[in-house]
Amino acid sequence: MRMKYVLSEVLVGLWRNVTMTIAMIITMAVSLFMLGGAGLLYQKVGDMKDLYYENVQVSIFLATDVSEQQRTDLEAKLESDPLVKEVLYVNKDEAYKRFQEMYQDAPDLVNAVKADQLPESFRLTLVNPEQYKSIYDQYKDSEGVDEIVDQSRLLDKVFGVLTGIQTFALVIAVFMAAAALLLVANTIQVAAYSKRREVAVMKLVGASNWFIQAPFVLEAVVAGLIGSVLALVFMALGKYFGGSGSLSALEGLITPVSWGDIFLMFPIMAGVGALFSAVTGWITLRFYLRV
């Protein structure tokens, strides 16, 4: 009977202040959506780092006047280096083939470049890509070396931008969550004020604090859970329209977001929404009702 009473009071409370309830749910949904998006971005940035850094290479371009002896000595030194996992020699013809593949959409540029104009190079796969600086310092002054290029420097810039976006999304989520919790507190206060006489009567007849607070706290929890469901819907819509729209062009660059990743975020969003709403409701009641 008590549980039935509590649940009925929750539904009545949500409907009594329907406009504030809707505003609270929408704000909660947006904040949880931003939180889920930041969580997914954090996960995908980590996956991308593992994927790209595992295949990153260091390119040692040889000077145009490099001798055969210098090239052979350098190759032997690289193959015996404990920091180097694999050494691949790229001659002028192979470099030209790669150049043609990279710029196949610019035939005028391809026709303007000849194979003998491109430098020979060694493509290195490192045991630990983060040890590029050691490779650079060791071989930058070697005979026959013209330039050393590390792909991870470009990746660091890309990941720096992604990390910035991730931080921005997280900051927005925090501000939206603060706004949602303030709405929760305000809604609880209004609901408690409208039922102040009932609360006073229940206190006089000896009702427990839990029994008095439960309907108000559950209102906040229900609003948080509904907000998390809406956040899940927003993420699913983003996946559906983004996957078939302009974001599909990034599929080869960014590790794809699967439906499993999205649904895995739902328990986190629901837990955060319900927990923070319940705590906010309970604290509000402690200060407002003094029970």
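Residues numbered from 1 in each chain as written. Predicted model: local features only at pLDDT ≥ 70, side-chain atom pairs only at ≥ 80, totals over all residues. Heavy atoms only, no water.

**Q** Account for the environment of A220, with residues named and values stated.
**A** Turning to its location among the elements, A220 is positioned in helix α9 (residues 209-244). For A220, a relative accessible area of 1% gives the class buried. Setting aside residues up to four positions removed in sequence, A220 forms contacts with V184, I188 and S277. (Helix = DSSP H or I, 4+ residues; strand = E, 2+ residues; numbered from the N terminus. Buried < 20%, exposed > 50% of the residue type's maximum accessible area, 1.4 Å probe, protein only. Contact = heavy atoms within 4.5 Å.)

**Q** For helix α4 (residues 92-102), give the residues involved together with the corresponding values.
**A** Those residues of α4 that fall on the buried side of the exposure criterion are A95, Y96 and F99. Along the axis of α4, the buried positions cluster into a sector of 100°, meaning they face one direction only. Looking at α4, the residues exposed on the side facing more than 90 degrees away from the buried face are D93, K97 and E101. For α4, the N-terminal capping position is held by N91, with its side-chain oxygen 3.2 Å away from the main-chain nitrogen of D93. (Arc of directions from axis to C-beta. Polar contact = N/O pair within 3.5 Å; in protein donor to acceptor, adjacent residues only side chain to side chain.)

**Q** Can you tell me about the sheet that holds strand β3 (residues 121-126), naming the residues and giving the values?
**A** A sheet is described by the order of its strands in space; here 4 strands give the open sequence β2-β3-β1-β4, paired in antiparallel fashion. Edge positions in the open sheet fall to β2 (84-90) and β4 (145-150), since each of these has one partner strand only. Recorded for the sheet is a direction-independent mean angle of 20° between the axes of neighbouring strands. In this sheet, β3 lies alongside β2 in antiparallel orientation, the contact comprising 6 bridges. Bridge pairing in β3 places L88 opposite R123. (Pairing = 2+ DSSP bridges. Axes fitted to C-alpha atoms, helices over the stretch in contact; angles between N-to-C directions.)

**Q** How would you summarise the layout of surface pockets if you had to cite specific residues and measurements?
**A** Here the second largest pocket is characterised by a volume of approximately 370 Å³. Taken together, 14 residues make up the lining of the second largest pocket; nearest its centre are F61, A95, R98, M102 and R123. Put simply, the parts of the chain that give the lining of the second largest pocket at least two residues each are β1 (58-62), α4, β3 and β4. (1 Å grid on protein atoms, 1.4 Å probe; cavity = no way out; pocket = protein on both sides within 12 Å on 5 of 7 lines; lining within 4 Å. Points joined across faces, edges and corners; volume = space filled by probe spheres on them.)

**Q** Can you explain the side chain of R71? Please cite residues and give values.
**A** With respect to the helices and strands, R71 occurs in helix α3 (residues 68-79). Within the structure, the side chain of R71 is placed 2.5 Å from the side chain of E68, a separation counted as a polar contact. In this structure R71 touches L62, V66, Y89, E120 and F122, once residues within four positions along its chain are discounted.

**Q** I'd like to hear about the nonpolar core, residue by residue, with values.
**A** Of all hydrophobic cores here, the largest spans 22 residues; its most connected members are V184, I188, M235 and M269. Only α2 (18-55), α7 (151-194), α9 and α10 (259-288) provide two or more residues apiece to this core. Here this core gets 8 residues from one element, more than from any other, and that element is α9. Not counting chain neighbours up to four residues away, the residues in contact with M269 comprise L32, G36, S228, A231, L232 and M235. (Core = buried A, V, L, I, M, F, W, Y, C linked by side-chain atoms within 4.5 Å.)

**Q** If you had to explain α3 to someone new, which residues and values would you point to?
**A** The end-to-end C-alpha separation of α3 is 17 Å, in line with the 16 Å expected for 12 residues at 1.5 Å each. For α3, the complete set of buried residues consists of R71, L74 and L78. Down the axis, α3 shows its buried residues gathered within 70° of arc, on one side only. Exposed side chains of α3 directed beyond 90 degrees from the buried face belong to E68, Q69 and E79. Turning to α3, the residues buried within the fold contact β1, β2, β3, α6 (132-139) and β4. (Expected span 1.5 Å × (residues − 1).)

**Q** Give me the packing of aromatic side chains: which residues, what numbers.
**A** Under the definition given, this model contains 2 aromatic pairs. Aromatic side chains F33 and F234 sit 6.1 Å apart centroid to centroid with 90° between the ring planes, which places their arrangement in the edge-to-face category. You can see F33 sitting in helix α2 and its partner F234 sitting in helix α9, a full 201 residues away along the chain. Judged by relative accessible area, F33 falls into the partly exposed class, the value being 30%. A ring pair is formed by Y89 and F122, whose centres lie 5.4 Å apart and whose planes are at 50°; its orientation type is tilted. Taken together, the positions of Y89 in strand β2 and F122 in strand β3 put the pair 33 residues apart, joining distant regions of the chain. (Phe/Tyr/Trp six-rings, centres within 6.5 Å; stacked < 30°, edge-to-face > 60°.)

**Q** Go over the pairing of β1, please, and point to the residues and values.
**A** Within β1, 4 of the 5 residues are buried, which leaves it mostly tucked inside the rest of the structure. Pairing analysis gives 4 bridges linking β1 to β3, with the strands arranged antiparallel. Considered in β3, the bridge of I60 is made with F122. Looking at chain direction, β1 and β4 are connected through 5 bridges and run antiparallel. From the neighbouring strand, S59 faces β4, where its bridge partner is V149.

Distances and angles like these do not, on their own, reveal function.
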